[in-house]
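# Remarks on the overall topology
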Amino acid sequence: MTTKPAPSGRSDGPHLHAVSPSATERLTLAQAVRDAMRDEMARDPRVVVLGEDVGIDGGVFRATEGLIEQFGPERVIDTPLAESAIIGMSIGMAATGMRPVAEIQFMGFVYPAINQLFAHAARLRNRTRGRLHLPMVVRMPYGGGIHPPEHHSESYEALFLNTPGFKVVVPSNPYDAKGLLIAAIRDEDPVLFLEPKRIYRAFRDQVPTGAYTLPIGEAAVARPGSDVTIISWGAMVRVCLDAAEVLAHRGVAAEVVDLRTLNPFDRPTVIASVVKTGRAVVVHEAPRTNGFGAEVVAQINEHALLQLEAPVQRVAGFDIVFPLAQNEKLYLPTRERVVKAVDTALSF
């Protein structure tokens, strides 16, 4: 049974969609990702999944668990440890009519595939003047929070946001993850789907059992408020919601905007919120310098400067290599840091 989700937008946060309980199940984000791939593979024989250990092992985070048993090794392909080959093969598949969903095991492993992504995947539509599209998805677990070794915790989304030709999607909860991934698989252009591994199994949400899509390019108001706007994406949305709860006990009504999609960027939703509250804080775990938060601040300054009551604050990771496990908590933005930034904006 397929349930149509409630319309997305400012008035309907990601946890407030009206869904019939009989048509939903409680899933983790990892399970929602798996269900999205399973539903699309069942619907469309052109959809294939490929990557390191995605088949027999079900993926390092078990996000592809059970797919090879259902669809076989011709559609769930265990590849060699060769990221450039994974992306190159996906480009060829997409250009010739298939819809590959490629997994890069960790965002920090994508570097060998940068040439394929930047020089070919992002440019083929322009290079062929629209004759060829690349309906491919690249799934990448990203971000910190699981105490792994080096190259397993990067948050370098800004690299891809500075490369025209990609759509970049970052869900913050299971409901959005399934709807956005199905939309990404059906999209005619390359979509980078960044999965915050810190919250793969941190909580469960009610998720429709059937296929549904959420529009790529629309943010959601995860919590309404009137005193300050907190803007974030991915795992940091939950940190911001926790901070908003602390602030609420002090009489501060913080509005939390979950971008969900970094490119396209939903400027109208962000600007409308900032115009309403007059203050803004941007939160992300990527390094502060040249992080996407800087672009969000620039957009606010260009379109809502006269409505600001205080400079826009940023809470971000530091301009260092992501630290190893024992120092990870010192690097990642916390609820306390977000509350402090809000206090700075309110006291200006």
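Just above sits the structure.
Residues numbered from 1 in each chain as written. Predicted model: local features only at pLDDT ≥ 70, side-chain atom pairs only at ≥ 80, totals over all residues. Heavy atoms only, no water.

## Concerning the packing of aromatic side chains
- Inspection of every chain in the model, using the stated rule, returns 11 aromatic pairs.
- A ring pair is formed by Phe-118 and Phe-160, whose centres lie 5.8 Å apart and whose planes are at 90°; its orientation type is edge-to-face. Residue Phe-118 is found in helix H4 (residues 114-121), and its partner Phe-160 is found in helix H6 (residues 157-161); the two are separated by 42 residues along the sequence.
- Judged by relative accessible area, Phe-118 falls into the partly exposed class, the value being 24%.
- One aromatic cluster is present, built from ring pairs that chain together Phe-61, Phe-106, Phe-109 and Tyr-200.
- It is Arg-238 that lies over the ring of Phe-203; its NZ or CZ is 3.7 Å from the centre. (Phe/Tyr/Trp six-rings, centres within 6.5 Å; stacked < 30°, edge-to-face > 60°. Helix = DSSP H or I, 4+ residues; strand = E, 2+ residues; numbered from the N terminus. Buried < 20%, exposed > 50% of the residue type's maximum accessible area, 1.4 Å probe, protein only. Lys NZ or Arg CZ within 6 Å of the ring centre and 35° of its normal.)

## What about the packing of helix H1 (residues 29-43) against helix H7 (residues 174-186)?
- One way to put it is that H1 packs onto H7 with a least axis distance of 8 Å and a crossing angle of 30°. Two packed elements cross with a definite hand, and for H1 against H7 that hand is right-handed. Residues Leu-29, Ala-32, Val-33, Asp-35, Ala-36, Met-37, Asp-39, Glu-40 and Arg-43 of H1 form the contact with H7, whose participating residues are Pro-174, Ala-177, Lys-178, Leu-181, Ile-182, Ile-185 and Arg-186.
- Residue composition of the contact of H1 with H7, grouped by class: 10 nonpolar, no polar and six charged. (Axes fitted to C-alpha atoms, helices over the stretch in contact; angles between N-to-C directions. Left-handed = near helix turned anticlockwise from the far one by under 90°. Contact = heavy atoms within 4.5 Å. Nonpolar A, V, L, I, M, F, W, Y, C, P; charged D, E, K, R; others polar.)

## Brief notes about the environment of Phe-160
- Overall, Phe-160 belongs to the buried group, its relative accessible area being 2%.
- On a C-alpha basis, the gap between Phe-160 and Phe-348 in space is 34 Å, while along the polypeptide they are 188 residues apart.

## Considerations on the nonpolar core
- If you look at the biggest cluster of nonpolar residues, it comprises 83 residues, and the most contacted ones within it are Ile-87, Leu-117, Phe-160, Ile-231, Leu-259 and Ile-300.
- In this view, Ile-231 contacts Val-257, Leu-259, Val-270, Val-274, Val-281, Val-282, Val-283, Val-296 and Ile-300; residues no more than four positions away in its chain are not counted.
- In this structure, Ile-230, Val-239, Ala-244 and Val-339 belong to the second largest nonpolar core, which totals 21 residues. (Core = buried A, V, L, I, M, F, W, Y, C linked by side-chain atoms within 4.5 Å.)

## With respect to H7
- In this model H7 runs 19 Å from its N-terminal to its C-terminal C-alpha over 13 residues, within 8% of the 18 Å that 1.5 Å per residue would give.
- Most of H7 sits out of view: 12 of its 13 residues are buried.
- By the burial criterion, the buried members of H7 are Pro-174, Tyr-175, Asp-176, Ala-177, Lys-178, Gly-179, Leu-180, Leu-181, Ile-182, Ala-183, Ala-184 and Ile-185.
- For H7, the N-terminal capping position is held by Asn-173, with its side-chain oxygen 3.2 Å away from the main-chain nitrogen of Tyr-175. (Expected span 1.5 Å × (residues − 1). Polar contact = N/O pair within 3.5 Å; in protein donor to acceptor, adjacent residues only side chain to side chain.)

## Details of helix H8 (residues 236-249)
- The terminal C-alpha atoms of H8, which comprises 14 residues, lie 20 Å apart, in line with the 20 Å expected from a rise of 1.5 Å per residue.
- Inspection of H8 places Met-236, Val-237, Val-239, Cys-240, Leu-241, Ala-243, Ala-244 and Leu-247 among the buried residues, and these make up the whole buried set.
- Looking at the buried positions of H8, the neighbouring elements they touch are strand E9 (220-223), strand E10 (228-232), strand E11 (254-258), strand E13 (280-287) and helix H12 (335-346).
- Directly beyond the C-terminal end of H8, a positive phi value near 85° is found at Gly-251.

## Re the pairing of strand E4 (residues 99-103)
- Within E4, five of the five residues are buried, which leaves the element mostly enclosed by the surrounding structure.
- Taking every second residue as pointing to the same face, both faces of E4 are buried, with Arg-99, Val-101 and Glu-103 on one and Pro-100 and Ala-102 on the other.
- As defined by bridge partners, strand E2 (residues 47-51) adjoins E4 across five bridges and the pair is classed as parallel. Directly across from Gly-51, in E4, lies its bridge partner Glu-103.
- Of the pairings in the sheet, the one linking E4 to strand E5 (residues 137-142) comprises three bridges and is parallel in character. (Pairing = 2+ DSSP bridges.)

It is worth stressing that arrangement in space is one thing and function is another; only the former is reported here.
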